[in-house]
Amino acid sequence: MKIAVLVSGSGSNLQALINANLSAEIVGVISNKSNAYALQRAQQHHIPTCVISHTDYTSRACFDEAVHQQLLNWRVDLVILAGFMRILTPMFVKQWEGKMLNIHPSLLPAYKGVNTHQRVLNTGDQLHGCTVHFVTAELDAGTSLVQGVVPVSYQDSVQTLQNKVHALEHFIYPYAIELICTHQIIYQTPNQVLYQNQALRAPIQFFKDKKSAS
Ligand code: GRF
């Protein structure tokens, strides 16, 4: 399976995918920002990179079409959003339906959108985490596949929560991708995903380092 990773920033999740020695091949990295550190990470591992700057396009649709064409050029099977800070058009999402994943720093469906760590602290939740999900046109709403769960302590700040969640992201993202590459997770429709030939009714959860019962 050939995967492409879309980034905008530091690329620590990209690094985790590179380090994980996936059974998939990372055939390219696309960034909408020319100064994204993720590009250097890819280049250090001789992975082709491509900068497609949204500022060069007059509309979201034109930008997305350029990204789409690059993905087709690379003959990509699976698109991985890893800190890609652009909202994609419904047309683009439809073209990659069932073939595009995102990682989000919350236990979806809780805390869609931004500032998740601060919102968790404001609410006083005892658990927080991250979710790998299929991408649909609605923001952070596609079927959740894998979650990492961390306890929140009264000493936590946005920074400590971010560090804890990031560490879990680097574990669950390669794990989820490997499940797809090995056909243990199969996308059927927006509401129907199979896990080991059974309907996936809830995301596979990891609590810190341990897999939970769900
Ligand atoms: C992560 O927090 C991820 O949850 C969010 O974007 C961030 C990317 O971080 N979607 P990095 O660039 O992979 O370090």
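Quick caveat: nothing in here was measured; it's all calculated off a predicted structure.

Participant: How should I be thinking about the overall build of the protein in this particular structure?
Facilitator: Broken down by element type, the protein carries six helices and twelve strands. For the protein, the C-alpha radius of gyration of 17 Å lies close to 17 Å, the compact-globule estimate for 214 residues. Burial status across the protein gives 50% buried among its 214 residues. For the protein, the exposed surface amounts to about 10,700 Å²; the carbon and sulfur share of it is 51%.

Participant: Sorry if this is basic, but what is going on with the packing of helix α5 (residues 116–123) against helix α6 (residues 158–181) here?
Facilitator: Angle between the axes and distance between the axes: these two values describe a pair of packed helices. Where α5 contacts α6, the two axes come as close as 9 Å, and the packing angle between them is 120°. As judged from the angle between their axes, α5 and α6 are oblique. Once α5 is placed against α6, the crossing between them reads as right-handed. Taken together, the residues of α6 that come into contact with α5 (itself represented by H117, Q118, V120 and L121) are V158, L161, Q162 and V165. The residue makeup of the contact of α5 with α6, split by class, is five nonpolar, three polar and no charged.

Rules used throughout
Residues numbered from 1 in each chain as written. Predicted model: local features only at pLDDT ≥ 70, side-chain atom pairs only at ≥ 80, totals over all residues. Heavy atoms only, no water. Helix = DSSP H or I, 4+ residues; strand = E, 2+ residues; numbered from the N terminus. Rg over C-alpha atoms; globule rule 2.2 N^0.38 Å. Buried < 20%, exposed > 50% of the residue type's maximum accessible area, 1.4 Å probe, protein only. Areas by Shrake-Rupley, 256 points an atom, 1.4 Å probe, with all protein chains shown as cover. Axes fitted to C-alpha atoms, helices over the stretch in contact; angles between N-to-C directions. Parallel < 35°, antiparallel > 145°, perpendicular 65-115°, else oblique. Left-handed = near helix turned anticlockwise from the far one by under 90°. Contact = heavy atoms within 4.5 Å. Nonpolar A, V, L, I, M, F, W, Y, C, P; charged D, E, K, R; others polar.

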